[in-house]
Amino acid sequence: MTNDLLGRHRAVLPDWLALYYEEPIEITHGEGRHVWDSEGNKYLDFFGGILTTMTAHALPEVTKAVSEQAGRIIHSSTLYLNRPMVELAERIAQLSGIPDARVFFTTSGTEANDTALLLATTYRRSNTILAMRNSYHGRSFSSVGITGNRGWSPTSLSPLQTLYVHGGVRTRGPYAALSDADFIAACVDDLRDLLGHTRPPAALIAEPIQGVGGFTSPPDGLYAAFREVLQEHGVLWIADEVQTGWGRTGEHFWGWQAHGRSGPPDIMTFAKGIGNGMSIGGVVARSEIMNCLDANSISTFGGTQITMAAGLANLTYLLEHDLQGNARRVGGMLIERIRSAAAQVPHVREVRGRGLMIGIELTRPGTDEADWQAASAVLEAARAGGLLIGKGGGHNTSALRVAPPLSLNVAEAEEGAEILESALRSIQ
Ligand code: PMP
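Residues numbered from 1 in each chain as written. Predicted model: local features only at pLDDT ≥ 70, side-chain atom pairs only at ≥ 80, totals over all residues.

Quick notes on the packing of helix α11 (residues 323–342) against helix α13 (residues 410–425)
Definition in use: Between the N-to-C directions of two axes lies an angle of 0 to 180 degrees, each axis being a line fitted to C-alpha atoms and, for a helix, fitted only over the stretch in contact. Secondary structure elements follow DSSP: runs of H or I of four or more residues count as helices, runs of E of two or more count as strands, with numbering from the N terminus. Geometric relationships in this document are graded by angle, where less than 35 degrees denotes roughly parallel, more than 145 denotes roughly antiparallel, 65 to 115 denotes roughly perpendicular, and other angles denote oblique. Crossing chirality is assigned from the near helix's rotation relative to the far helix, an anticlockwise turn below a right angle marking it left-handed and a clockwise turn marking it right-handed. We call two residues in contact if the C-beta atoms placed from their backbones are at most 7 Å apart.
Interaxial distance between α11 and α13 falls to 10 Å at its minimum, and their mutual angle equals 20 degrees. Between α11 and α13, the angle falls in the class roughly parallel. For the element pair α11 and α13, the recorded crossing hand is right-handed. Residues Val-330, Met-333, Leu-334, Arg-337, Ile-338, Ala-341 and Ala-342 of α11 form the contact with α13, whose participating residues are Val-410, Ala-413, Ala-417, Leu-420, Glu-421 and Leu-424.

Structure (structure tokens):
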């Protein structure tokens, strides 16, 4: 049955849709932190948390809110007053830390970043954008154009002029040996150099921790240092919180908060798991930036009643159950478990992360060379052991990504760590 589906998938869908596993799986249902495939196999899901299911699979509170709203009304998001949209916007504006914040809802992270670019370029009247090397911001014409990760950025004639900045990644190459302070200084020099040779860009867009890029670990304070330089040049800062938001990093509710004195970004984007599976994306910005457009705009499905009902139920759940604190506690324990397992495995170059966002970088033992075959082998072995994890990193996807739903408990963390340990050992 699955094979037949695979043949049909390959015949009708684009070749460039990435599918995991030599024998891809069809997920049919889930509960809590577990999912099942069409052959009845059960998996602990250590990746769905960052994809769609931030909180838990089939969370009853969200299911109830969605089905009640579906039975009531789903209509235009914006042409008529929309109570759930106003309520969710109020809560996000307050949580964002951005003064005088306005919120616009979209259906995806791509569309959220597109909107952020539209706002920044209009506000600053410049179509030059600074983006980070190794970044990922989406798959539309403009968000592909600012995506620095070449594995996800097909050659296209971007409508924007993009300049790429160092700082997102420091695992390998000349930057790897630098101390945090020297790394930040080198990246700031690079940024100053770029700014000295161009008309002022509209904005710098950056993921506080790169997601698709492999859950990288820029030193705390990097974006604060960037911010000072950007402000001297009148350049806005857009924080792409699509993967780092809502408490995933444990210590902070937003990824940018790890950069302390940088203060809130001018524009922030979010998406993915806030709807716990329903398609919500959005942009938060100070009102003078949000209101710089001089024409009407609507989004038919961005902010529709059903997605907003899901978002409200999900956000309420995650705040009431302190899932940020859970990410800090359980994530802290999980990373230590993975670190001690990885110490025995020569392929592991680095185990990094915060909260429930953990990256494992694999290189050929004793070299600096990215080992994507080892990463694929671990992914397959983990699946065989009943654990779903993700891949990421630069072009060669040599990092493993661990991002379970935020409600992960200690027993599940232990179980997942054990499966991961034997998957890592299997590649030696
Ligand atoms: N920004 C980041 C940081 C992302 O990780 C992603 C998705 N991987 C996007 C934007 C795009 O989001 P979407 O797939 O919802 O369009």
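Digging into the sheet that holds strand β7 (residues 203–206)
This is how the line gets drawn: At least two bridges found by DSSP between two strands is the condition for calling them paired.
One open sheet accounts for 7 strands, arranged β4-β10-β9-β8-β7-β5-β6; its pairing is mixed. Each edge of the open sheet is held by one strand with a lone partner, namely β4 (101–106) and β6 (161–165). Each adjacent strand pair in this sheet contributes to an overall mean axis angle of 20 degrees, direction not counted. Looking at chain direction, β4 and strand β10 (residues 281–286) are connected through 6 bridges and run antiparallel.

Structural notes on the environment of Val-283
Stated precisely, the cut-off is as follows: Partly exposed residues are those falling between the two cut-offs: more than 12 but fewer than 20 other C-beta atoms within 10 Å of their own, whereas 20 or more means buried and 12 or fewer means exposed, with C-beta atoms placed from the backbone.
By secondary structure assignment, the location of Val-283 is in strand β10. Of the residues examined, Val-283 has 27 C-beta atoms within 10 Å and is grouped as buried. When the C-alpha positions of Val-283 and Glu-111 are compared, they lie 9.3 Å apart, and in sequence the two are 172 residues distant. Beyond its immediate sequence surroundings of up to four residues, Val-283 is in contact with Phe-104, Ala-112, Thr-115, Ala-116, Ile-267 and Thr-269.

A few points about the sheet that holds strand β2 (residues 34–37)
Spatially, the 4 strands line up as an open sheet ordered β1-β2-β3-β13, and their pairing is mixed. Each edge of the sheet is formed by a strand with only one pairing partner; in this case those strands are β1 (27–31) and β13 (387–388). Bridge count for β2 against strand β3 (residues 42–45) is 3 bridges, and the pairing is antiparallel. Paired with His-34 across the two strands is Leu-44, which belongs to β3.

Points about the environment of Thr-78
Structurally, Thr-78 can be placed in the loop between α3 (60–72) and α4 (83–96). Note on Thr-78: 17 C-beta atoms within 10 Å, which makes it partly exposed. Linking Thr-78 and Trp-372, residues 294 residues apart in sequence, is a C-alpha distance of 45 Å. Each residue touching Thr-78, except ones within four places of it in the same chain, is listed here: Ile-298, Ser-299 and Gly-303.

Focus on the packing of helix α7 (residues 180–196) against helix α8 (residues 222–232)
Definition in use: Just so you know the grouping, Ala, Val, Leu, Ile, Met, Phe, Trp, Tyr, Cys and Pro go in nonpolar, Asp, Glu, Lys and Arg go in charged, and all remaining residues, Gly too, go in polar.
Packing of α7 against α8 brings their axes to within 10 Å, and their N-to-C directions diverge by 30 degrees. Overall, the two elements α7 and α8 adopt an arrangement that is roughly parallel. The handedness of the crossing between α7 and α8 is right-handed. Residues Ile-184, Cys-187, Val-188, Leu-191, Arg-192 and Leu-195 of α7 lie in contact with α8, whose contacting residues are Leu-222, Ala-225, Phe-226 and Val-229. Class assignment of the residues belonging to the contact of α7 with α8 gives a composition of 9 nonpolar, no polar and 1 charged.

Re the nonpolar core
Note that soluble globular proteins tend to have their nonpolar side chains buried in a common cluster. We apply this condition: In these notes, a nonpolar core means any group of buried Ala, Val, Leu, Ile, Met, Phe, Trp, Tyr and Cys residues linked to one another through C-beta atoms within 7 Å.
Counting residues in hydrophobic clusters, the biggest one holds 114 residues, and the most contacted among them are Ala-203 and Leu-204. No other element matches helix α10 (residues 305–320), which puts 9 residues into this core. Look past the residues within four positions of Leu-204 in its chain and what remains in contact with it is Leu-130, Val-165, Phe-226, Leu-230, Val-235, Trp-237 and Ile-238.

Considering the pairing of β7
In plain terms, the rule: Seen with its strands pointing away from the viewer, a crossover is right-handed if its path from the first strand over the helix to the second goes clockwise.
Burial of β7 is two-sided: the residues Ala-203 and Ile-205 facing one way and the residues Leu-204 and Ala-206 facing the other way are all buried. Bridging between strand β5 (residues 128–132) and β7 involves 3 bridges; their strand directions are parallel. By the bridge assignment, Ala-131 is partnered in β7 with Ile-205. One ladder, built from 4 bridges, connects β7 with strand β8 (residues 236–240); its direction is parallel. Residue pairing in the sheet places Ala-206 in a bridge with Ala-239 of β8. With α8 bridging β7 and the parallel β8, this β-α-β connection has right-handed handedness.

What about the site of the ligand?
Going by this rule: Should the C-beta atom of a residue, placed from the backbone, lie within 6 Å of a molecule or strand, that residue is near it.
Close to the ligand lie 16 residues; Ser-108, Gly-109, Thr-110, Gly-138 and Val-242 are nearest. Per-element tally for the shell around the ligand: the top contributor is helix α5 (residues 109–124), with 3 residues. Classifying every residue of the shell around the ligand gives 4 nonpolar, 9 polar and 3 charged.

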